[in-house]
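# Results of the structural survey
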Amino acid sequence: MHPLALELLTPPRPLALELRVHGVHGAPPEELLGDPRTVRITGDSTAAVFRRAADVDAEAHPEWYAGRPVVEAYCWSRLTSGNGSRALWLLLLPFMVVNLAHWARPAAPATGPAPRAVRTYGVLVRVLALSLTLLLIAAACEVALDLLAWQCAGSAACTGSRSWLGFLEPGGWWGQPGRRLALGALVPAALTGLLWYLSNRTWSAYESQPPPADTAVLAAEPDGTPALGRPGFWYGRRIVARLRAAHTAAGLLIVAAAVAAPTARYDRRAGGGPVLEALGWAVEAALAAGAVAVAWVVCRRGRTEDRADHRLDRAAVTLLPGSALALLAAVLFYAGWSRPGWTSTGRLPGDFAFGVLMLGQGCCVLLLAAVAVRLYRLAPDPATALYGLGGPGIAMLGCALGGVMSGGVAQRVADWLDGGTSPSSAGAPVPAPPVLLSWQAAVLPPLLLVLALLAAWFAVRGVLARRRLAAGVAAEYPGEPPDENRSRRIAGARAAAALTDSAPWFVAAVSGITLLLGGGALAGAWLSGQVPGEAARGAHPLLETAARAAQDAGSWLIGLGIAAFVAWGRRAYRDPAARRTIGVLWDVGTFWPRAAHPFAPPCYAERAVPDLTWRMTGWTGRTGGRLVISGHSQGSVLAAAAVWQLPPQVRRRVALLTYGSPLRRLYGRWFPAYFGPGPIAALHADIDCWRNLWRATDPIGGPVLPPADTTPPGPAAPPAPSPADSVDRGPLADPLAYGRSARHPLPAPILGHFDYQADPAFAAERDALLARLAGPARRARFRRTGHGNTPAPHSAAAVPAPPVTPDPATPAVPGPRVNKASTAPEASEGSGDPPGTGG
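Definitions and limits used
- Residues numbered from 1 in each chain as written.
- Predicted model: local features only at pLDDT ≥ 70, side-chain atom pairs only at ≥ 80, totals over all residues.
- Heavy atoms only, no water.
- Helix = DSSP H or I, 4+ residues; strand = E, 2+ residues; numbered from the N terminus.
- Buried < 20%, exposed > 50% of the residue type's maximum accessible area, 1.4 Å probe, protein only.
- Contact = heavy atoms within 4.5 Å.
- Areas by Shrake-Rupley, 256 points an atom, 1.4 Å probe, with all protein chains shown as cover.
- Pairing = 2+ DSSP bridges.
- Axes fitted to C-alpha atoms, helices over the stretch in contact; angles between N-to-C directions.
- Expected span 1.5 Å × (residues − 1).
- Salt bridge = Lys/Arg side-chain N within 4 Å of Asp/Glu carboxyl O.
- Left-handed = near helix turned anticlockwise from the far one by under 90°.
- Nonpolar A, V, L, I, M, F, W, Y, C, P; charged D, E, K, R; others polar.
- Patch = residues over 30% accessible without salt bridge, like charges linked within 9 Å, V, L, I, M, F, W, Y side chains within 5 Å.
- Core = buried A, V, L, I, M, F, W, Y, C linked by side-chain atoms within 4.5 Å.

Here the focus is the overall build of the protein. When helices and strands are tallied, the protein shows 30 helices and eight strands. Looking at the protein as a whole, 52% of its 839 residues are labelled buried. Of the contacts made within the protein by residues no fewer than 6 positions apart, 81% connect residues no fewer than 24 positions apart. By element, 65% of the accessible surface of the protein is carried by carbon and sulfur atoms, the whole surface being about 35000 Å².

Attention shifts here to the sheet that holds strand β2 (residues 38–43). Strands in a sheet are paired, the pairing made by backbone hydrogen bonds, and the direction either parallel or antiparallel. Spatially, β2-β3-β4-β1-β5-β6-β7-β8 is the arrangement adopted by the eight strands of the open sheet, whose pairing is mixed. Because the sheet does not close on itself, it has two edges, and the strands there are β2 and β8 (728–732). Strand-to-strand twist in this sheet, taken as the mean axis angle between neighbours without regard to direction, amounts to 20 degrees. Sheet analysis places strand β3 (residues 48–52) next to strand β4 (residues 70–75), joined by four bridges and oriented antiparallel. Residue pairing across strands places Phe50 opposite Ala73, the latter belonging to β4.

As a further point, take helix α17 (residues 503–528). Over its 26 residues, α17 runs 37 Å from end to end, which matches the ideal 38 Å to within 8%, given 1.5 Å per residue. For α17, the full list of buried residues reads Pro504, Val507, Ala509, Val510, Ser511, Ile513, Thr514, Gly518, Ala521, Leu522, Gly524 and Ala525. One or two steps after α17, the chain reaches Gly529, where phi turns positive at roughly 70 degrees.

The end-to-end C-alpha separation of helix α10 (residues 274–300) is 39 Å, in line with the 39 Å expected for 27 residues at 1.5 Å each. Those residues of α10 lying buried are Leu276, Gly280, Val283, Leu287, Gly290, Val294, Val297 and Val298.

Here we take up unusual backbone geometry. Residue Gly730 is joined to Pro731 through a cis peptide bond whose omega torsion reads 0 degrees. The omega angle of the peptide bond from Asp734 to Pro735 is 5 degrees, so this bond is cis rather than trans. Mapping Pro735 onto the fold places it in the loop between β8 and α27 (760–773). The residue Tyr387 is not glycine, and still its phi comes out positive at about 55 degrees. Assignment of secondary structure puts Tyr387 in the loop between α12 (350–378) and α13 (390–417). A positive phi angle, near 55 degrees, is found at Asp755, a position not held by glycine.

This part covers the pattern of salt bridges. Close approach of charged atoms allows side chains of opposite charge to pair. Applying the stated rule across the entire model yields 21 salt bridges. As a salt-bridge pair, Glu59 and Arg51 come within 2.4 Å of each other at their nearest N and O atoms. Judged by its relative accessible area of 1%, Arg51 falls in the buried class. For Arg665, the salt bridge is made with Asp501, and the minimal N-O distance between the two is 3.1 Å. Here the residue Arg665 occupies a position in helix α24 (residues 663–670), and Asp501 occupies one in the loop between α16 (484–498) and α17, the gap between them amounting to 164 residues. Overall, the relative accessible area of 14% leaves Arg665 in the buried class. The structure contains a network of salt bridges with shared partners spanning Glu18, Arg20, Arg766 and Asp767.

With six of six residues buried, strand β1 (residues 16–21) lies mostly within the body of the structure. The alternating pattern of β1 places Ala16, Glu18 and Arg20 and Leu17, Leu19 and Val21 on opposite faces, both of which are buried. Summarising the sheet, β1 and strand β5 (residues 626–632) pair through six bridges and their orientation is parallel. Looking at β5, one finds that Arg20 is bridged to Ser630. Across five bridges, β1 lies against β4 in parallel orientation. For Val21, the partnering residue across the bridge sits in β4 and is Tyr74.

Moving on to the packing of helix α22 (residues 634–644) against helix α26 (residues 677–686). Two elements in contact, α22 and α26, have axes whose closest approach is 11 Å; the angle formed by their N-to-C orientations is 65 degrees. By crossing handedness, the relation of α22 to α26 is classed as left-handed. In this structure, α22 uses Ala640, Val643 and Trp644 to contact α26, whose residues at the interface are Pro679, Ile680 and Leu683. Of the residues in the contact of α22 with α26, the class split is six nonpolar, no polar and no charged.

Looking now at a nonpolar patch on the surface. There is a patch of nonpolar side chains on the surface, built from Leu194, Trp196, Tyr197 and Leu198 and spanning about 370 Å² of accessible area. Turning to its location among the elements, Leu194 is positioned in helix α8 (residues 186–207).

This part is about the nonpolar core. Counting 160 residues, the largest nonpolar core has Phe591, Trp592, Ile629, Leu638 and Phe675 as the members making the most contacts within it. Sorting elements by how many residues they give to this core places helix α5 (residues 114–152) first, with 21 residues. Filtering out sequence-adjacent residues up to four positions away, Phe591 remains in contact with Trp234, Trp586, Cys603, Tyr604, Ala605, Gln634, Val637, Leu638, Tyr667 and Phe675. Within the second largest apolar cluster, 14 residues are counted, among which are Tyr659, Tyr756, Phe762 and Leu773.

As structure tokens, this is what we get:
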């Protein structure tokens, strides 16, 4: 029989689907699909899958789509930038950063001494996260209890100008310090309750998405299965519930301690009677027991990833916060007992409390660094950020953010209460907040100075790199006349993109200097007991001037920072465009589950990854078709995580196309235990069809597999066709055209991180992946008939096709430096696999 007749009698190929996943900053479905008429196929108003209106019934008419895939778009941007309440997540920024430190641990072998070190690393990060919760509640206690209820309400000069505090003046029922403290304690207690409510609510709205049954292979302990392929990785209900209970109890206990400590101290000093004195001892013993219980719950157990764990530790989840709330109520009743002779003078012991927290955080960071170094030495990888110290560096940044935000709020309230006088000066209505907060503010100017010098150094390096790269840009576009300005702009884009690789040094500089200056601030506050300007009085004039200037400048910087922070949050609350801009921060920072801090912003991937897994599993099982999941930027990370969760029988029908992907450049460096060379190589082995596109002008994307010779390719190197067993193709030409010509009359833009679908390589690689998924028999028959990957001429004429918007991913005019012979499937006459595919 003639080959053409055989082709006519053969049933049409099953439908092919391209599932697109956008990256940071989001994109509307109309933009992703290139058509203003889109329809939601499945999902809700928060995250959904869309198609063109003309493609809604594609499964009923696969013959209409011969030679081209149906395109879908999964839009998840509203998970991070939906309603105005997302602006309130800015208050949780330190919690998000310290949660990242949990996932930034170095990679380590699965056997030997590594598991114990991994558990120790997790315990230390969880303790640091708990210290940030205590710091936030302690700052609220400083404002509500110390500044307002203790200092201002006990001073006639402060309450005299504020009529709303008149009922707290001495002499009235609320005038006794214990009752004022009990009333003020309602503010930090309410803040703790709000954090518990938000964590519980966001869990139900975002993360309570169980994966499909039997969609991932169970991870046996010795086989070294990558963590992102384990069934329970994206369902951490048990650990979040445990940590939520522990942090809630810790917040309530620190409020109770802030009220009970001055009350019990007065009873023991002034002789409040044997009953009150005994109650004071009993309350303090109960607080100590509660602290031990919280520490035990936080340190005892980490995440369970080998299964989707639906169980809850009922005793910890219910009894711990309930007991802490009951103890707080008992403490408030104890403090409200009548003590007529008690007056409030001076400050509450805030210096000691903040100092202990700061010292504990510094010690935990140092221990964390020691454990990280140990893990890194067990499995060294030079590509890991800061040689394994990325996690401790991120944790130090979280502690610094928490200190600046909490100290800044306390200082601003103190400035508002003391009127025009300076804190701690003679005649001030209130003695002001703890002096440690002033020392912390004083370290900001030298820190910013060092960062400015470091930024200037990298700017100079960027200028020199641009000059070096500009010399060879014109040679990459043969036949084009050289243009110095054009070459300089292209080289500038490449040099600016390369600065991303210098980010670890900024993190190291900020973390190291913060640790050193923070230790100096703590020592200065404890040794002198005065603010920096007063402590340096009488010293060398230069030192005295520098100390006072640092104190004043730091106070102003914190004030400006808090004002900008509030203005930014207010704008994001009202303006959706500004909320999308801030949403970029959550797109990157909330990808990881809440493994260390339960009050961090919710993990959107615990909704997005199951969504993608359900869609790929359900569609391929229902239609038997081929599917290419194509992810851009952060969407490529979601796509890879979803593919990891697929069972083998579904994974064989799915191809992965990534572009502008930070899998190795950012995630592989900062999170090597999950996206390092080992896990990425395992993903490459599990999914045969994978291609990755990248540009030298892209500051985020890059290759996903390390080159064989471990030498990074030069940014100006021409894009050579990748061999069949390679994943990466690049760097792609950017811009597609160097100058004006008859074919390109207008200047081609430098695309950088965006518009990868406009490159001819995108459609070529997507079609090659679909051809590979068609199977050896189908490809062999195509080669016999000579049709390659092009549908038979009769296919479109036999069945009338509906009007369909042309695919924007297939440009009409190919750009320079695209080797068609290396990407078209029909070019592989002598090969079993079409070129340009991965596997």
